[in-house]
Amino acid sequence: MPDDCLFCRIVRGEIPVLLVAQNDHAVAFRDINPQAPVHVLVVPRRHVKSLAEAADASELGAIALLAAQVARQEGIEQGGYRVVMNTGADGGQSVAHLHMHLLGGRPMSWPPG
Ligand code: DGP
């Protein structure tokens, strides 16, 4: 739990966010720079740098299930949505604390940029 990790600080409540949901393993809050009508980040409470360093299947499962719960809460389950885990430099990861993007509320294109 590095003192200077942005998402650790958010998990500890040191930086205000629009909280959407939480469980024992993960916290969901609105992205500061939304790329879709619904854009929520789901992060583990525990510091994990990225998916490449993840080793706890129940923690990863909790993140994915919280994203699905938020999709239901936000009313985008029926229309569909996208989850993304940018990982490392080529993956476009800018915050070094594992996070899942939940994006929805509009049609998504493929391939991503
Ligand atoms: P990524 O590029 O995949 O590492 O995504 C990081 C996301 O984090 C990016 O979409 C913007 C978001 N973000 C960065 N700083 C903050 C912040 O202080 N608050 C919130 N709510 N989101 C942030």
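Coordinates for the structure precede this section.
Since we're looking at a predicted model, the values are computed, not measured.

**Student:** In this structure, what is going on with the site of the ligand? I would like to understand it.
**Tutor:** By nearness alone, 16 residues border the ligand, and Arg30, Asp31, Asn86, Ser94 and His101 come closest of all. Contacts to the ligand include His99, whose side-chain N or O atom sits 2.9 Å from an oxygen atom. Protein contacts shield 82% of the accessible area of the ligand, which totals 510 Å² for the unbound molecule. More than half of the atoms belonging to the ligand lie within 2 Å of the grid points that define the largest pocket. If you list the elements that add at least two residues to the shell around the ligand, you get helix H1 (6–11) and strand S2 (26–30). With 3 residues, the single largest contributor to the shell around the ligand is H1. In the shell around the ligand, the residues fall into 8 nonpolar, 6 polar and 2 charged.

Conventions adopted
Residues numbered from 1 in each chain as written. Predicted model: local features only at pLDDT ≥ 70, side-chain atom pairs only at ≥ 80, totals over all residues. Heavy atoms only, no water. Near = heavy atom within 4 Å. Polar contact = N/O pair within 3.5 Å; in protein donor to acceptor, adjacent residues only side chain to side chain. Areas by Shrake-Rupley, 256 points an atom, 1.4 Å probe, with all protein chains shown as cover. 1 Å grid on protein atoms, 1.4 Å probe; cavity = no way out; pocket = protein on both sides within 12 Å on 5 of 7 lines; lining within 4 Å. Sits in = over half its atoms within 2 Å of the grid points. Helix = DSSP H or I, 4+ residues; strand = E, 2+ residues; numbered from the N terminus. Nonpolar A, V, L, I, M, F, W, Y, C, P; charged D, E, K, R; others polar.

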